Each structure stands twice: as C-alpha cells, then as structure tokens.
Amino acid sequence: MSLDPKDKIICAVKKNGPAGRAGIRRGDILVSVNGKPVTDVFDYRFFMADADPVVTVKRDGSELAFALEKEEYEDAGMDFENPLLAEELSCANKCVFCFIDQMPKGMRETLYFKDDDLRLSFLTGNYVTLTNCPLNELKRLAGYHISPVNVSIHTMNPELRVRMLGHKGAGNIAEKLKILLDAGITVNGQIVLVPGWNDGGELKYTLDRLLELPANFESVSVVPVGLTKFREGLEPLQPFTKESASAALNLIEDYRTMARITRGNSFVYASDEFYILAERPLPDEDQYDGFPSLEDGVGMLTLLEKEVDEYIANASASSKIKGKLKFCKKRITGTVATGEIAFSKIDELVKKVGLFAESCGKIFDVKVKAVKNEFFGPGVTVSGLITGQDLVKQIGGAGDIGGRVLITVNMLRSGENVFLDDMTVKEAEKLLHAKVIPVGKTGEDFCSALLFG
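Residues numbered from 1 in each chain as written. Predicted model: local features only at pLDDT ≥ 70, side-chain atom pairs only at ≥ 80, totals over all residues. Heavy atoms only, no water.

A. View of the sheet that holds strand β15 (residues 435-439). Spatially, the four strands line up as an open sheet ordered β13-β12-β14-β15, and their pairing is parallel. If you trace the sheet from one side to the other, it starts and ends with β13 (363-371) and β15, each paired once. The mean inter-strand angle of the sheet, taken between neighbouring strand axes irrespective of direction, is 25 degrees. As paired elements, strand β14 (residues 404-408) and β15 share five bridges and run parallel to each other. (Pairing = 2+ DSSP bridges. Helix = DSSP H or I, 4+ residues; strand = E, 2+ residues; numbered from the N terminus. Axes fitted to C-alpha atoms, helices over the stretch in contact; angles between N-to-C directions.)

B. How the structure looks around the sheet that holds strand β10 (residues 217-224). Pairing is parallel in the open sheet, where five strands are placed in the order β7-β8-β9-β10-β11. Bordering the open sheet on either side are β7 (127-128) and β11 (268-270), each of which pairs with just one other strand. By the bridge criterion, seven bridges tie strand β9 (residues 187-193) to β10 in an arrangement that is parallel. In the strand pairing of β10, G189 is matched with V220.

C. Up close: the environment of E310. For E310, the location among the structural elements is in helix α10 (residues 300-316). Here the alpha-carbon distance between E310 and G443, two residues 133 residues apart in the chain, equals 8.3 Å.

D. Structural view of a negative patch on the surface. Taken together, the side chains of D52, E69, E71, E74, D75 and D79 define an acidic patch exposed on the protein surface. Counting through the fold element by element, D52 comes out in the loop between α2 (41-48) and β4 (54-59). The exposure class of D52 is partly exposed, given its relative accessible area of 46%. (Patch = residues over 30% accessible without salt bridge, like charges linked within 9 Å, V, L, I, M, F, W, Y side chains within 5 Å. Areas by Shrake-Rupley, 256 points an atom, 1.4 Å probe, with all protein chains shown as cover. Salt bridge = Lys/Arg side-chain N within 4 Å of Asp/Glu carboxyl O. Lys, Arg positive; Asp, Glu negative; His and termini not counted. Charge placed at Lys NZ, Arg CZ, Asp CG, Glu CD. Buried < 20%, exposed > 50% of the residue type's maximum accessible area, 1.4 Å probe, protein only.)

E. Local environment of unusual backbone geometry. Of note, the amide linkage connecting S147 to P148 takes the cis form, showing an omega dihedral of 0 degrees. Along the chain, P148 turns up in the loop between α4 (135-143) and β8 (149-152). Its identity as a non-glycine residue notwithstanding, Y73 has a phi of 70 degrees, on the positive side. Residue position: Y73 is located in the loop between β5 (62-67) and β6 (78-80). A positive phi is found at H145, a non-glycine position, where the angle reads about 55 degrees. With respect to the element layout, H145 can be found in the loop between α4 and β8.

F. Summary view of the nonpolar core. In terms of nonpolar packing, the biggest core is built from 64 residues, with Y44 and M78 touching the most fellow members. Discounting chain neighbours no more than four positions away, the residues touching Y44 are L30, V33, V38, A76, M78, F80 and L85. Judged by nonpolar contacts, the second largest core, of 29 residues, contains V308, V368, I437 and F446. (Core = buried A, V, L, I, M, F, W, Y, C linked by side-chain atoms within 4.5 Å. Contact = heavy atoms within 4.5 Å.)

G. Quick look at the pattern of salt bridges. Considering all chains together, one arrives at 25 salt bridges under this definition. Between K345 and E348 there is a salt bridge; the shortest N-O distance is 3.5 Å. Placement of the pair is K345 and E348 together in helix α12 (residues 343-359), with a separation of three residues, close to one helical turn. Owing to a relative accessible area of 16%, K345 belongs among the buried residues under this scheme. Three or more residues joined by partner-sharing salt bridges are found here, namely D40, D43, R119, E137 and R140.

H. Spatial organisation of the state of the cysteines. Within the structure shown, the criterion is met by zero disulfides. Between C133, a cysteine without a disulfide, and C91, which holds the nearest cysteine sulfur, the sulfur-to-sulfur distance is 13 Å. Among the residues examined, C133 registers a relative accessible area of 4% and is labelled buried. C328 provides the cysteine sulfur closest to C360, a residue in no disulfide bond, and the two sulfurs are 10 Å apart. Judged by relative accessible area, C360 falls into the partly exposed class, the value being 25%. (Disulfide = S-S within 2.5 Å.)

I. Spotlight on α4. Along α4, the residues that are buried comprise E137, L138, L141 and A142. Axial view of α4: buried residues confined to an arc of 135 degrees, hence all on one face. Opposite the packed face of α4, turned more than 90 degrees from it, sit the exposed residues N136 and K139. Looking at the buried residues of α4, the elements they touch are α2, α3 (118-124) and α6 (173-182). Immediately beyond the C-terminal end of α4, within one or two residues, lies H145, with a positive phi of roughly 55 degrees. (Arc of directions from axis to C-beta.)

J. Quick peek at the packing of aromatic side chains. With the rule as written, the count across this model stands at nine aromatic pairs. Relative to F291, the ring of Y288 lies with its centre 5.2 Å away and its plane at 20 degrees, an arrangement referred to as stacked. Its relative accessible area of 11% is what places F291 among the buried residues. Between F375 and F376, the aromatic rings sit 4.8 Å apart at their centres with planes inclined by 80 degrees, giving edge-to-face as the arrangement. Of the two residues examined, F375 and F376, each falls in the buried class. (Phe/Tyr/Trp six-rings, centres within 6.5 Å; stacked < 30°, edge-to-face > 60°.)

K. Highlighting the side chain of T206. When you line up the elements, T206 lands in helix α7 (residues 200-211). A distance of 3.5 Å separates polar atoms of two side chains, one belonging to T206 and the other to T155. Once residues lying within four places of it in the same chain are set aside, the contact partners of T206 are T155, M156 and I191. (Polar contact = N/O pair within 3.5 Å; in protein donor to acceptor, adjacent residues only side chain to side chain.)

As structure tokens, then:
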C-alpha cells in the first residue's frame with residue numbers, strides 16, 4: 001500500500017475545527033497520527049477516533065506535531081486531496097467479459113483505468129473481485145469492520161473463476177468471502193452472466209454455494225454480459241437471446257422462491273435487462289426487498305414507475321404543484337432520449353405524466369426516442385452508454401424535438417457534463433439547437449423535468 005506523501009495533502013481545514021484550532025493548515029502533508037504512519041483512509045479514521053490525538057504533518061520540509069483537542073469520534077475538520085489517502089489499486093485481471101477491453105482506442109486515458117480496490121467498494125459502492133487484495137491486507141481491512149462491501153463473484157467454481165477473470169489467484173474467493181463475513185461485514189455480490197460460461201449448471205452451483213453463506217451475505221445481482229463491436233482479438237462470446245435470457249430467469253426465479261422460504265427475502269436479483277430481453281413483466285416492488293442493487297440495473301424501472309405514480313398521486317392532490325403548473329406555458333414540449341432496452345417503460349411513464357398535465361389543462365407534446373448505440377454496437381442497449389454523437393445524430397434527425405432534450409444523468413461521466421465520447425452537453429445543445437437537460441435518477445426528478453424542466 002502506498003505511503004506516497006502526494007496522497008496525503010490536506011486540501012481544506014475548518015477554521016474552528018480541532019485541526020484548525022491546533023494550527024494545521026491547508027497544504028500540510030499528513031505524516032502520522034499518534035506516531036503511527038497512515039496507510040490509507042481506514043488507518044486515518046481508526047487512529048483519529050481517539051480523543052485528543054497527536055497529528056504530525058510535513059510543512060516546508062519540516063515535521064511538526066500538533067495536539068488536537070477533540071472528543072472521541074469527533075471529526076477533526078480537515079479534508080484531503082485524495083480521499084483514499086493512498087494510491088488507487090487498479091485491476092490485475094483479464095476478464096473475458098471486461099467492458100473496458102471492448103472500448104475503442106483513442107478515448108480519454110482515464111476511461112481505460114480499471115479500479116479494483118476494496119476500499120473504494122466501501123467508500124463508493126464499486127464492485128471488486130478481491131484478486132489484488134492479499135489475505136493479510138484483507139484481514140487488516142476486515143478488522144476495521146468496513147461495511148457494506150460489494151464483491152464481483154461471477155462464479156464460485158475456483159477453476160472457472162481463474163479462467164473467467166484471467167488471474168491465477170482468483171480461485172480462492174470462498175476463503176476471502178469467509179474473512180469478510182466472519183468479521184461481521186455485510187457483503188453484496190454480483191454475477192456477470194456469460195452464455196456458455198457461468199450460466200446453466202454453473203450458475204446453479206454458484207447460487208447453491210452462496211445460499212450456504214451466513215445472513216450477512218445479503219444479496220447477489222445477476223446481470224447479462226455486455227458486448228460491444230470492438231472485440232477484435234478477444235475471447236469470442238455470445239450475447240443473450242430471448243430464449244437464453246428466459247432460461248436464466250427460470251433458474252434465478254427458482255432460487256428466489258427458495259430463498260424467500262429459507263432467508264425471508266429474494267436474495268438473488270436479475271437485472272431489468274433480463275426481463276426485457278425475455279419479454280417478461282418486471283417483478284413487483286415487494287420482490288426487490290428495498291432495492292439493494294439499483295446500481296446494477298436491478299429493479300430500477302420498477303422503482304422509477306413506483307416513484308412516478310407516487311408523484312402523480314401527490315401532485316393531483318397538491319394545490320402547490322398545480323399552481324406552479326398553471327403558470328407554465330400552455331404547451332409542454334420536448335423529447336426524452338433513452339436506450340433501446342428501456343424505451344417501452346419510459347414511453348409508458350411519459351404518457352402517465354402527460355395525462356396528469358392534460359388534466360391540468362396543458363397540451364402535452366413530449367416524444368420518447370430510443371437511441372441506437374451505433375458507437376459501441378447493437379449489443380449495447382442501456383441508456384447510460386449512449387454517446388453524445390449518437391444522441392445528436394439520431395435525435396437531431398427526429399424532426400421537431402420541442403426545444404429541449406431530456407437525458408438521464410447516467411449518460412454523463414460522474415460529476416461532469418461530458419458524454420463518454422468527450423462531447424460536452426453544451427456542444428450537444430449547439431448541434432441540436434435545443435436545451436439538453438440531464439435528469440436525476442428519481443421519479444420526482446423525472447416528473448419535474450418533464451413538467452417544469
């Protein structure tokens with residue numbers, strides 16, 4: 001683990017916080033706490049939980065020690081340029097299904113970085129394979145009881161996991177899960193399902209093993225492999241069809257039924273994409289047990305529909321919302337851009353919002369457009385991977401787009417108004433001659449953007 005000083009630069013200090021009162025400044029570099037070197041954020045949090053710690057920093061080439069006056073567990077009031085306080089660990093695997101390996105050349109360098117850091121799983125919810133976390137390091141982190149963490153399992157068959165992940169050390173997943181679970185850590189799992197590899201009997205084996213784990217292994221989400229057109233030189237893989245998606249769902253739903261009896265919840269959750277591929281209705285809300293795997297696209301559309309229905313019900317009884325709508329333009333126009341996989345459900349929800357708007361005396365003329373992913377290829381149908389160039393090319397040719405285009409915020413890189421292909425929102429607006437509105441993830445965000453955005 002890195003102890004590089006650049007990872008420990010203090011970027012902000014609260015003037016009246018314990019660190020600020022003691023004399024620590026922005027630009028100081030953390031060296032140790034109570035004489036103990038800080039490996040990463042978890043060391044820092046653990047050491048700084050003490051009352052009145054002594055913090056040593058480097059300033060202008062000299063080391064200075066500051067005695068902080070604070071209560072036990074009180075925040076010290078300082079932030080770091082690198083919240084991890086250590087170098088981020090990159091992925092050491094060569095997974096047969098890796099999406100980054102399927103990206104074209106020439107894109108921004110940061111898009112090719114594969115993170116696989118257990119610490120980031122706790123901090124940001126990332127899924128990690130644990131292959132680059134040695135047992136001693138895993139035990140150190142488990143000792144801090146970091147929870148929850150998300151683990152990319154894919155298979156519990158050691159030999160198959162080595163083949164799928166392309167890493168000779170990938171086969172001891174059972175041992176590593178045991179370390180986390182024995183420490184009382186909550187673990188959620190993920191399986192990227194690849195036809196002919198870890199589906200069928202292999203999926204059954206994996207789910208049997210996972211169901212044997214303690215209750216703090218809370219859930220496992222199953223998502224279909226995503227394949228782009230840039231797979232030259234990579235292992236040949238097959239996409240899911242209606243038939244193979246249906247077969248996977250049959251098996252998953254058998255285990256859901258079993259788990260509801262033995263565990264009291266569904267335990268294994270298939271992504272929305274499986275149901276749409278198999279042309280089956282999405283499960284009801286109560287089948288998702290609080291939606292533990294939304295970031296994997298599990299239950300996202302069901303939750304969105306629930307929240308839209310709640311918004312419309314509340315708005316119908318709200319003089320405030322009706323009053324706000326009354327002062328809007330008579331005609332509500334625009335275009336909602338979405339991926340092919342979610343088109344039918346998004347179209348259905350837009351029509352629901354339209355009926356509410358029309359009940360309030362508005363003319364509702366908002367269209368929904370499914371954007372085909374020409375950039376990555378027809379095997380990629382989710383909204384979050386639509387590029388700016390595909391959006392502009394296809395929405396721009398859709399006739400009257402109503403002066404505004406609503407997109408999910410998932411189309412943009414985290415924290416930036418930039419699509420995956422480096423086109424900015426402003427550039428897209430200029431080319432479309434329309435306002436581009438990134439919409440948040442909730443039903444309220446969706447409805448508000450349609451009505452008022």
